Amino acid sequence: MKRRDFLKALFISTSLLVLGRLSVNEFSNYQHAQGALTPFGSWYVVQISGTPEIPKNYVLTVDGEVENPLQLTYQDILDMPSVQVKDTIQCVSDPYFLRANVVWTGVPLKYIIEMVKPSQNTIKVVGYGADGYTADLPISKAMEPDVILAYLADGNPLPIQHGYPVRLAVPGWWGYSYPKWLVRLHFTSRNVLGYWESRGYPDYAKK
Ligand SMILES: Nc1nc2c(c(=O)[nH]1)N[C@H]1C(S)=C(S)[C@@H](COP(=O)(O)O)O[C@H]1N2
Ligand SMILES: [Mo]
């Protein structure tokens, strides 16, 4: 049995053992592990430093090896076609407790890619947070239809600690692939690694 599966089995069996005398709070944690939405505003926060100030005149720069670089305002992003994706965001360092079930609304990254037209040689897109954090995605992953520039969580603007105004959501990949306070998307033919990817976490961050 893989370590992850063992821990999962242990977690489920312990949950069942205590099911007989659960408090309301414990019961909601149990439901939550089964896929119910995490109550809005009560999900975990993980970040490398403090929450940055976002200027009123926020812009998202889309640049690098592209035919049509862009500067997008928050309103530009809200005006684009959007999709909703139900997802579990999970931190690789504690996948059982640092997790939250969220419905994201946002613009498919594919839509932006088709607007900027990266060169044939582009292999990566690197997302930059306003705090200096970076996360890279292979272009093939970035083109999947559920990878989005998220601006709503459960129908509400993103809370500041979860990345307001815009972050990436990459369903099926570890939380470190979801840069918060996204200020730049950079397309490159170099094999750039993001903050955690360059510190030994998998570049192909599938959970
Ligand atoms: N800008 C920025 N984005 C970031 C991080 C960060 O430090 N800075 N941490 C990442 C990690 S490791 C995780 S698990 C998720 C956590 O997102 P949350 O705080 O909204 O739950 O954000 C990711 N995005
Ligand atoms: Mo994380």
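Residues numbered from 1 in each chain as written. Chains lettered and ligands numbered in written order. Predicted model: local features only at pLDDT ≥ 70, side-chain atom pairs only at ≥ 80, totals over all residues. Heavy atoms only, no water.

In the annotation of an unreviewed UniProt entry, the entry for the chain reads Oxidoreductase, and the organism field reads Metallosphaera hakonensis JCM 8857 = DSM 7519.

Counting its regular elements, the chain contains 5 helices and 10 strands. Accessible area for the chain stands at about 10,700 Å²; split by element, carbon and sulfur atoms hold 55% of it. (Helix = DSSP H or I, 4+ residues; strand = E, 2+ residues; numbered from the N terminus. Areas by Shrake-Rupley, 256 points an atom, 1.4 Å probe, with all protein chains shown as cover.)

Okay, the environment of Asn 68 next. With respect to the helices and strands, the residue Asn 68 is situated in the loop between strand S1 (59–64) and strand S2 (70–73). Separated by 45 residues in the primary sequence, Asn 68 and Ile 113 have C-alpha atoms spaced 9.8 Å apart. In this structure the side chain of Asn 68 is engaged in a polar contact, spanning 3.1 Å, whose partner is the backbone oxygen of Met 115. (Polar contact = N/O pair within 3.5 Å; in protein donor to acceptor, adjacent residues only side chain to side chain.)

Below, the discussion takes up the nonpolar core. Residues Leu 60, Val 62, Trp 104, Leu 109, Leu 137, Leu 149 and Leu 185 are the most contacted members of the largest nonpolar core, which totals 48 residues. With 5 residues, the top contributor of residues to this core is strand S7 (residues 148–153). Setting aside residues no more than four positions away along its own chain, Leu 137 makes contact with Leu 109, Ile 123, Lys 124, Val 125, Ala 142, Val 147, Leu 168, Val 170, Trp 173 and Ser 177. (Core = buried A, V, L, I, M, F, W, Y, C linked by side-chain atoms within 4.5 Å. Buried < 20%, exposed > 50% of the residue type's maximum accessible area, 1.4 Å probe, protein only. Contact = heavy atoms within 4.5 Å.)

Before going further, it helps to examine helix H4 (residues 109–116). The set of residues buried in H4 consists of Leu 109, Ile 112, Ile 113 and Val 116. Looking straight down H4, one finds its buried side chains confined to an arc of 100°; they lie on one side. Remark: Lys 117 follows H4 within two positions and exhibits a positive phi of approximately 55°. (Arc of directions from axis to C-beta.)

This paragraph deals with the sheet that holds strand S5 (residues 124–129). Strand order in this open sheet of 5 strands is S2-S1-S10-S5-S6, and the pairing throughout is mixed. Two strands in the sheet have a free side with no partner beyond their single neighbour: S2 and strand S6 (134–138). Averaged over all neighbouring strand pairs, the angle between strand axes comes to 15°, with direction disregarded. One ladder, built from 4 bridges, connects S1 with S2; its direction is antiparallel. Counterpart to Val 59 in the pairing with S2 is Thr 73. (Pairing = 2+ DSSP bridges. Axes fitted to C-alpha atoms, helices over the stretch in contact; angles between N-to-C directions.)

The subject of this paragraph is the layout of surface pockets. Computed from the structure, the second largest pocket encloses a volume of approximately 370 Å³. Forming the boundary of the second largest pocket are 24 residues, of which Val 46, Gln 47, Tyr 133, Gly 175 and Tyr 176 lie nearest the centre. Considering only residue class, the lining of the second largest pocket consists of 15 nonpolar, 6 polar and 3 charged. (1 Å grid on protein atoms, 1.4 Å probe; cavity = no way out; pocket = protein on both sides within 12 Å on 5 of 7 lines; lining within 4 Å. Points joined across faces, edges and corners; volume = space filled by probe spheres on them. Nonpolar A, V, L, I, M, F, W, Y, C, P; charged D, E, K, R; others polar.)

Let us now look at a nonpolar patch on the surface. On the surface, a cluster of nonpolar side chains totalling about 240 Å² of accessible area is made up of Ile 48, Trp 196 and Tyr 201. Secondary-structure assignment places Ile 48 in the loop between helix H2 (24–33) and S1. (Patch = residues over 30% accessible without salt bridge, like charges linked within 9 Å, V, L, I, M, F, W, Y side chains within 5 Å. Salt bridge = Lys/Arg side-chain N within 4 Å of Asp/Glu carboxyl O.)

Take the pattern of salt bridges next. All chains considered together, the criterion is met by 5 salt bridges. A salt bridge links Lys 124 to Asp 203, with the nearest nitrogen and oxygen atoms 2.9 Å apart. Of this pair, Lys 124 sits in strand S5 while Asp 203 is found in the segment after strand S10 (182–188), placing the two residues 79 residues apart along the sequence. For Lys 124, a relative accessible area of 3% translates into the label buried.

If you trace the backbone, Leu 78 turns up in helix H3 (residues 74–78). A sequence separation of 72 residues divides Leu 78 from Ala 150, and the C-alpha atoms of the two residues are 9.9 Å apart.

Turning to the pairing of S2, a few remarks are in order. Burial along S2 is one-sided: Leu 70 and Leu 72 are buried, while Gln 71 and Thr 73, pointing the other way, are not. Counting the residues that bridge the hairpin from S1 to S2 gives 5 residues.

Within this structure, the stated rule accounts for 8 aromatic pairs. On the basis of an interplanar angle of 55° and a centroid distance of 6.2 Å, the ring pair of Trp 104 and Tyr 178 is categorised as tilted. Of this pair, Trp 104 sits in strand S4 (residues 99–108) while Tyr 178 is found in the loop between strand S9 (167–169) and S10, placing the two residues 74 residues apart along the sequence. Of the two residues examined, Trp 104 and Tyr 178, each falls in the buried class. Note on Tyr 176 and Tyr 201: the rings are 5.8 Å apart at their centroids and 55° apart in plane angle, and the pair reads as tilted. On the criterion of sequence distance, the pair formed by Tyr 176 in the loop between S9 and S10 and Tyr 201 in the segment after S10 is long-range, its members being 25 residues apart. A relative accessible area of 6% places Tyr 176 in the buried class. An aromatic cluster is present here, built from Tyr 133, Tyr 176, Tyr 195, Trp 196 and Tyr 201 joined pairwise through their rings. Lying across the ring of Tyr 195, Arg 199 places its NZ or CZ 3.6 Å from the centre. (Phe/Tyr/Trp six-rings, centres within 6.5 Å; stacked < 30°, edge-to-face > 60°. Lys NZ or Arg CZ within 6 Å of the ring centre and 35° of its normal.)

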